[in-house]
Amino acid sequence: MIAGKNRISDYKISNLKFSRDGLNIINNISMELSPGQITALFGPNGSGKTTFLKLLAGIWTPDSGEISWLNKSNLKDFNIGYIGHELFLYKDLTARENLEFFGQLYNTNDLNKKIKNLIKEAGLELWLNEPVRKYSRGMQQKLTICRVFLNSPDLLLLDEPFTGLDSKSTNFLIKLITQNKEIPVLFTSHNLRQGFKLADNWLILKAGKIIEHSQKQNNNTLDTFIKNYNKILAGDLLDEDA
């Protein structure tokens, strides 16, 4: 668990816009991600979910708008934990070497202890000194989770983080998210049931716009949310995805 860090302000997104090849992908999004809140972002393929997270992570630069925390716009001042489709692992290095590299890069305190604890929780102890190229996709995903939580992130941005994970690995990630719930968390998912259960807030993105925002405190039920999602997206969600 992360302790003793100052989590005063929301992470603010104001009038964010992004286009590529003349196509508007993110259309004037404004929202806040608050400490202690887990937010799920739903939407059909092509709605802009991955692009939105990459903009928030600082991987891509928006055409206009502002992303700020504590009234600062320089994302380099903050440690953003991002899990995307690209895992950012060095395949010819071992798991230990990968984590040592990223830990040293961010001057992580108690690095060896953190590596030991995370690897144990992930169930990768027997593979710690094996090259990552020998890992399955699910094992690489778990190592990526270890990498992200190694450096005490100020914000978590997770793009389909449960893809490729078995039930035990899913529980490992959920445990880390809930243990660090004092930081803002935004994750995308096609699994409405799982996302609804984990999150405090639910957003629906369509054509680059947030067209629905609901909260747990409003006593929404899963069935009501799914029906509303289907109504909004006119059948884009398949029954098996729920």
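Residues numbered from 1 in each chain as written. Predicted model: local features only at pLDDT ≥ 70, side-chain atom pairs only at ≥ 80, totals over all residues. Heavy atoms only, no water.

Caption draft 1: Structural view of the confidence of the model for the protein. Per-residue pLDDT for the protein has a mean of 86; in total, 89% of the residues score no lower than 70. Here residues 236-242 scores under 50 on pLDDT; set against residues more than four positions off or in separate chains, the count is 13 contacts. (pLDDT = per-residue confidence, 0-100. Contact = heavy atoms within 4.5 Å.)

Caption draft 2: Seen up close, the sheet that holds strand 4 (residues 64-69). Here we have three strands laid out as an open sheet, ordered 2-1-4, and antiparallel in their pairing. At either end of the open sheet lies a strand with only one pairing partner, and these are strand 2 (23-33) and strand 4. Recorded for the sheet is a direction-independent mean angle of 20° between the axes of neighbouring strands. Against the sheet, helix 1 (residues 49-57) contacts strand 1 (11-20), strand 2 and strand 4, and its axis sits at roughly 120° relative to strand 1. (Pairing = 2+ DSSP bridges. Helix = DSSP H or I, 4+ residues; strand = E, 2+ residues; numbered from the N terminus. Axes fitted to C-alpha atoms, helices over the stretch in contact; angles between N-to-C directions.)

Caption draft 3: Helix 4 (residues 137-150), seen in detail. Helix length check: helix 4 (14 residues) gives 20 Å between terminal C-alpha atoms against 20 Å at 1.5 Å per residue, within 8%. With respect to burial, helix 4 is a largely interior element, 13 of its 14 residues being buried. Phi turns positive, to about 45°, at Ser152, one or two residues after helix 4. (Expected span 1.5 Å × (residues − 1). Buried < 20%, exposed > 50% of the residue type's maximum accessible area, 1.4 Å probe, protein only.)

Caption draft 4: Region of the structure containing the packing of helix 3 (residues 111-122) against helix 4. Where helix 3 contacts helix 4, the axes come no closer than 10 Å and their chain directions differ by 145°. Once helix 3 is placed against helix 4, the crossing between them reads as right-handed. Taken together, the residues of helix 4 that come into contact with helix 3 (itself represented by Leu111, Lys114, Ile115, Leu118, Ile119 and Ala122) are Lys142, Leu143, Cys146, Phe149 and Leu150. The class makeup of the residues in the contact of helix 3 with helix 4 is nine nonpolar, no polar and two charged. (Left-handed = near helix turned anticlockwise from the far one by under 90°. Nonpolar A, V, L, I, M, F, W, Y, C, P; charged D, E, K, R; others polar.)

Caption draft 5: Summary view of the nonpolar core. Ile119, Leu143, Ile145, Phe149, Ile177 and Phe187 are the most contacted members of the largest nonpolar core, which totals 46 residues. With seven residues, the single largest contributor to this core is helix 4. Apart from the residues within four sequence positions on either side, Phe187 is in contact with Ile38, Thr39, Ala40, Leu41, Leu158, Pro161, Phe162, Gly195, Leu198 and Ala199. (Core = buried A, V, L, I, M, F, W, Y, C linked by side-chain atoms within 4.5 Å.)

Caption draft 6: Local environment of the sheet that holds strand 9 (residues 209-215). What the six strands build is an open sheet, ordered 5-6-7-3-8-9; its pairing is mixed. Looking along the sheet, the strands with just one partner apiece sit at the ends: strand 5 (80-83) and strand 9. Geometrically, the sheet is characterised by an average inter-axis angle of 15° between neighbouring strands, direction not taken into account. Direction of pairing for strand 5 relative to strand 6 (residues 155-159): parallel, over a ladder of four bridges. Bridge pairing in strand 6 links Gly81 to Leu156. Strands strand 3 (38-42), strand 5, strand 6, strand 7 (185-188) and strand 8 (201-206) of the sheet are contacted by helix 1, whose axis makes an angle of about 155° with strand 6. Where helix 7 (residues 222-233) meets the sheet, its contacts fall on strand 3, strand 8 and strand 9, and the angle it forms with strand 8 comes to roughly 15°.

Caption draft 7: Examining the pattern of salt bridges more closely. Scanning all chains against the criterion turns up four salt bridges. Arg133 serves as the salt-bridge partner of Asp92, at 3.2 Å between the closest nitrogen and oxygen. A residue pair is termed long-range when its members are at least 10 positions apart, and Asp92 in the loop between strand 5 and helix 2 (95-105) and Arg133 in the loop between helix 3 and helix 4 qualify at 41 residues. On the accessibility criterion, Arg133 (51% relative accessible area) is exposed. Residues Glu121 and Lys175 are paired through a salt bridge, measuring 3.2 Å at the closest nitrogen-oxygen approach. Taken together, the residues span a long stretch of sequence, with Glu121 in helix 3 and Lys175 in helix 5 (residues 167-179) at a distance of 54 residues. (Salt bridge = Lys/Arg side-chain N within 4 Å of Asp/Glu carboxyl O.)

Caption draft 8: Fine view of the pairing of strand 3. For strand 3, a buried count of five out of five residues is recorded, marking the element as mostly surrounded by other parts of the structure. A two-sided burial pattern is seen for strand 3, the buried positions comprising Ile38, Ala40 and Phe42 on one face and Thr39 and Leu41 on the other. Taken together, the four bridges between strand 3 and strand 8 define a ladder with parallel strand orientation. Each bridged residue has a counterpart across the sheet, and for Leu41 the counterpart in strand 8 is Leu203.

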